[in-house]
Amino acid sequence: MKFYALENAELYPMDLTAEYSAARSIGSISIGESHLFYKKFRKVYCVAYSEIRRCFRRVVLVPMKLCCGGGDMHMENLVVETEAGEIAQLPLPGERAARTAIDELKKKMPHAEFQAPKTETE
């Protein structure tokens, strides 16, 4: 199995098949011993925990029109940042999965921040 770097989609230099098969899967992401994996179609992307500086949930409201009216669908995402900035917004199946993933990652990455960055309002 080939692995690609999440940041630049280049081929990852290490063989991580054993870690990936033992990783805990939550939706499209898998939480390994030392790497975070993301599967999209046939490719598996990964990033080492030591490279991650910030990781947090982002909820995106998607407007929907249905036969009975309209509403917003909440899309849960896991945002991953490194020194280079935000490198990925990984979709998750729901709020419960997002909270579980954050809790698991807090155990694996005590050095990382788990709050969204403060934004200045005008």
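A brief look at the structure comes next. Just so we're clear, the structure is a prediction, and the values are computed from it rather than from any experiment.

A look at unusual backbone geometry
For step 1, the next point in the chain: Even without a glycine there, the phi angle at Phe-41 is positive, about 55 degrees.
For step 2, the next point in the chain: Locating Phe-41 in the fold gives a position in the loop between strand E4 (35-40) and strand E5 (43-48).
For step 3, the next point in the chain: What makes Phe-41 exposed here is its relative accessible area of 73%.

A closer look at the sheet that holds strand E8 (residues 85-92)
The strands making up a sheet are joined through hydrogen bonds of the backbone, oriented either antiparallel or parallel.
For step 1, the next point in the chain: Strand order in the open sheet made by the three strands is E6-E7-E8, with antiparallel pairing throughout. This sheet does not close on itself; its edge strands, each paired only once, are strand E6 (54-66) and E8. Across the sheet, the mean angle separating the axes of adjacent strands is 35 degrees when strand polarity is ignored.
For step 2, the next point in the chain: Direction of pairing for E6 relative to strand E7 (residues 69-82): antiparallel, over a ladder of 13 bridges. For Arg-58, the partnering residue across the bridge sits in E7 and is Asn-77.
For step 3, the next point in the chain: The strands touched by helix H2 (residues 95-108) within the sheet are E6, E7 and E8, with E6 carrying the most contacts at an inclination of about 170 degrees.

A closer look at the packing of aromatic side chains
For step 1, the next point in the chain: Using the criterion set out here, one finds five aromatic pairs in the structure.
For step 2, the next point in the chain: Feature note: the residues Phe-3, Tyr-20 and Phe-37 constitute an aromatic cluster, connected by ring pairs.

Some words on H2
One turn of the α-helix equals 3.6 residues, which is why residues spaced by three or four share an orientation.
For step 1, the next point in the chain: In a regular helix each residue adds 1.5 Å, so 14 residues correspond to 20 Å; H2 covers 20 Å between its end C-alpha atoms and thus fits that length.
For step 2, the next point in the chain: Taken together, the buried positions of H2 are occupied by Ala-97, Ala-98, Ala-101, Ile-102, Glu-104 and Leu-105. Down the axis of H2, the buried side of the element spans an arc of 165 degrees, and every buried residue falls inside it. Facing away from the buried side of H2 by over 90 degrees, the exposed positions are Arg-96 and Lys-107.
For step 3, the next point in the chain: Where the residues of H2 are buried, they touch strand E2 (24-26), strand E3 (29-31), E4, E6, E7 and E8.

Brief notes about the side chain of Asn-77
For step 1, the next point in the chain: Note on placement: Asn-77 falls in strand E7.
For step 2, the next point in the chain: A polar side-chain atom of Asn-77 sits 3.5 Å from the main-chain carbonyl oxygen of Met-75.
For step 3, the next point in the chain: Here Asn-77 is in contact with Phe-56, Arg-57, Arg-58, Val-60, Gln-89, Leu-90 and Pro-91, once residues within four sequence places are set aside.

Considerations on the environment of Met-64
For step 1, the next point in the chain: Relative to the helices and strands, Met-64 is located in strand E6.
For step 2, the next point in the chain: Aside from chain neighbours lying at most four places away, what touches Met-64 is Gly-69, Gly-70, Gly-71 and Met-73.

Things to note about the pairing of E5
Sheet faces and side chains relate simply in a regular strand, where the side chains alternate between the two faces.
For step 1, the next point in the chain: Most of E5 sits out of view: five of its six residues are buried.
For step 2, the next point in the chain: Of the strand pairs in this sheet, strand E1 (residues 3-5) and E5 are connected by three bridges, and their pairing is parallel. Bridge pairing in E5 links Ala-5 to Cys-46.
For step 3, the next point in the chain: As paired elements, E4 and E5 share six bridges and run antiparallel to each other. Each residue of the ladder has a partner; that of Lys-39, found in E5, is Val-44.
For step 4, the next point in the chain: Following E4, the chain reverses through two residues before pairing antiparallel with E5; Phe-41 in that reversal takes a positive phi of roughly 55 degrees.

Conventions used here
Residues numbered from 1 in each chain as written. Predicted model: local features only at pLDDT ≥ 70, side-chain atom pairs only at ≥ 80, totals over all residues. Heavy atoms only, no water. Helix = DSSP H or I, 4+ residues; strand = E, 2+ residues; numbered from the N terminus. Buried < 20%, exposed > 50% of the residue type's maximum accessible area, 1.4 Å probe, protein only. Pairing = 2+ DSSP bridges. Axes fitted to C-alpha atoms, helices over the stretch in contact; angles between N-to-C directions. Contact = heavy atoms within 4.5 Å. Phe/Tyr/Trp six-rings, centres within 6.5 Å; stacked < 30°, edge-to-face > 60°. Expected span 1.5 Å × (residues − 1). Arc of directions from axis to C-beta. Polar contact = N/O pair within 3.5 Å; in protein donor to acceptor, adjacent residues only side chain to side chain.

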